[in-house]
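Spelled out, the chains give:
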Amino acid sequence: MAAAISTTTALQAKGMLCDPGSHFDGRYEVERKYRVHSLEPFRSKILSMGAVPFTLGNVETDIFLDQPDGRLALNDQQQVVRLMQPSGRVLWICKGPGSDRCVAMDLDGSEKTLEMLSALGFVGTGRLVKQRDIYFAGDFHITLDRLEGLGCFVEIAVMSDAADSLSYWATRIGEFANGLGLDAAQAEERSYRAMMTGKDGAGDLPQT
């Protein structure tokens, strides 16, 4: 019992409402993003399906980093330090090469991380702020996002270590999205960063 209480306390300290289990394990992330007018109808739908809240009310600030010559972008990669409030959680995220490869790890703090990356020659190339709630529904994690100037989005994603499973998961995500009343006309292929900068998204990695 004491161990269970200790685990729950540790999760709550990171702003987590439940144990993520294996939801974020894997080298690849298959993700689809849909533009919606309001998040609340979709929140009600996923909760009626038994979705479990993981984090609620977070404001995430993504700090994008690259070498001055832009070598990561040229190699179809992104490096992001993500700051989450009010939980105080910090993630270091590396995406690419390729649209689905993604590795992330928790960090103790952002200040030393950014100092170390700066010492290695990395420079900031942009920032992105979003309000995000995350839910778990079966195999998927679902994010409900709101970004000033861009609007509201529902993202459905799954992590996997198997490269040959990505098309299978893309199909499964499409079926799940259809069940929520989302269709291809609402799909947004561009990353949030590409939308913010007005790019067409060609060669841009999906942004979680």
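Residues numbered from 1 in each chain as written. Predicted model: local features only at pLDDT ≥ 70, side-chain atom pairs only at ≥ 80, totals over all residues. Heavy atoms only, no water.

The next point concerns the overall build of the protein chain. For the protein chain, the count of helices and strands is six helices and eight strands. Along the chain direction, N to C, the helices and strands of the protein chain fall in the order α-β-α-β-α-β-β-β-α-β-β-β-α-α. Of the contacts made within the protein chain by residues no fewer than 6 positions apart, 67% connect residues no fewer than 24 positions apart. By element, 54% of the accessible surface of the protein chain is carried by carbon and sulfur atoms, the whole surface being about 10700 Å². (Helix = DSSP H or I, 4+ residues; strand = E, 2+ residues; numbered from the N terminus. Contact = heavy atoms within 4.5 Å. Areas by Shrake-Rupley, 256 points an atom, 1.4 Å probe, with all protein chains shown as cover.)

This part takes up the sheet that holds strand β8 (residues 151–160). Overall, antiparallel pairing links the eight strands, which are arranged β1-β8-β7-β6-β2-β3-β4-β5 in an open sheet. What marks the edges here is a single partner per strand, and that holds for β1 (28–36) and β5 (102–107). Averaged over all adjacent pairs, the angle separating strand axes in this sheet is 30 degrees, with direction ignored. Of the strand pairs in this sheet, strand β6 (residues 123–137) and strand β7 (residues 140–147) are connected by seven bridges, and their pairing is antiparallel. Within the sheet, the bridge partner assigned to I134 lies in β7 and is T143. (Pairing = 2+ DSSP bridges. Axes fitted to C-alpha atoms, helices over the stretch in contact; angles between N-to-C directions.)

Moving on, we come to the pairing of strand β2 (residues 52–66). Bridge count for β2 against β6 is 12 bridges, and the pairing is antiparallel. Of the residues in β6, the one forming a bridge with T55 is I134. The pairing of β2 with strand β3 (residues 78–85) spans seven bridges and is antiparallel. The residue bridging E60 from the neighbouring strand is M84, located in β3.

We now examine the confidence of the model for the protein chain. In low-pLDDT segments, the atomic positions of the prediction should not be examined closely. Confidence in the prediction of the protein chain, expressed as mean pLDDT, is 87, and 88% of residues score 70 or more. In the predicted structure, residues 200–208 sits below a pLDDT of 50 and forms 39 contacts with residues beyond four places in sequence or in another chain. (pLDDT = per-residue confidence, 0-100.)

With that settled, the discussion passes to the pairing of β5. Two elements, strand β4 (residues 90–95) and β5, share six bridges in a ladder whose sense is antiparallel. If you follow I93 over to β5, its bridge partner there is A104. Adjacent in sequence and paired antiparallel, β4 and β5 are bridged by six residues, among which G96 carries a positive phi angle near 90 degrees.

Turning our eyes to something else, we now look at the nonpolar core. Across soluble globular proteins, nonpolar side chains show a tendency to be buried alongside one another. In this structure, V154, I156 and L182 are the most contacted members of the largest nonpolar core, which totals 24 residues. Contributing elements (two or more residues each) for this core: β1, α2 (40–48), β6, β7, β8 and α5 (166–179). Broken down by element, the residue count for this core peaks at five residues, all from α5. In contact with V154, not counting residues within four places along its chain, are R32, K33, Y34, V36, L39, F42, I142, T143, L144 and L182. In terms of nonpolar packing, the next biggest core, distinct from the first, is built from 12 residues, L91, L147, Y192 and M195 among them. (Core = buried A, V, L, I, M, F, W, Y, C linked by side-chain atoms within 4.5 Å. Buried < 20%, exposed > 50% of the residue type's maximum accessible area, 1.4 Å probe, protein only.)

Let us now look at the pattern of salt bridges. Applying the stated criterion across every chain yields a total of 17 salt bridges. One salt bridge connects R82 with D62, and the closest N-O pair in it is separated by 2.6 Å. Of this pair, R82 sits in strand β3 while D62 sits in strand β2, placing them 20 residues apart in sequence. By relative accessible area, which is 4% here, R82 ends up buried. Across the pair R89 and D106 runs a salt bridge whose closest N-O atoms are separated by 2.8 Å. A residue pair is termed long-range when its members are at least 10 positions apart, and R89 in the loop between β3 and β4 and D106 in strand β5 qualify at 17 residues. In this structure, a network of salt bridges that share partners links the residues K33, E60, D62, R82, K130, R132, D145 and E155. (Salt bridge = Lys/Arg side-chain N within 4 Å of Asp/Glu carboxyl O.)

This part is about the side chain of E188. Within the element layout of this structure, E188 appears in the loop between α5 and α6 (192–197). Take E188: its relative accessible area is 14%, and that puts it in the buried class. Polar side-chain contacts of E188 include one of 3.0 Å to the side chain of R190. Beyond its immediate sequence surroundings of up to four residues, E188 is in contact with K33, R35, F153 and M195. (Polar contact = N/O pair within 3.5 Å; in protein donor to acceptor, adjacent residues only side chain to side chain.)

This paragraph deals with the environment of E31. Checked against the element boundaries, E31 lands in strand β1. Sequence separation between E31 and L166 is 135 residues, and the spatial gap between their C-alpha atoms is 9.9 Å.

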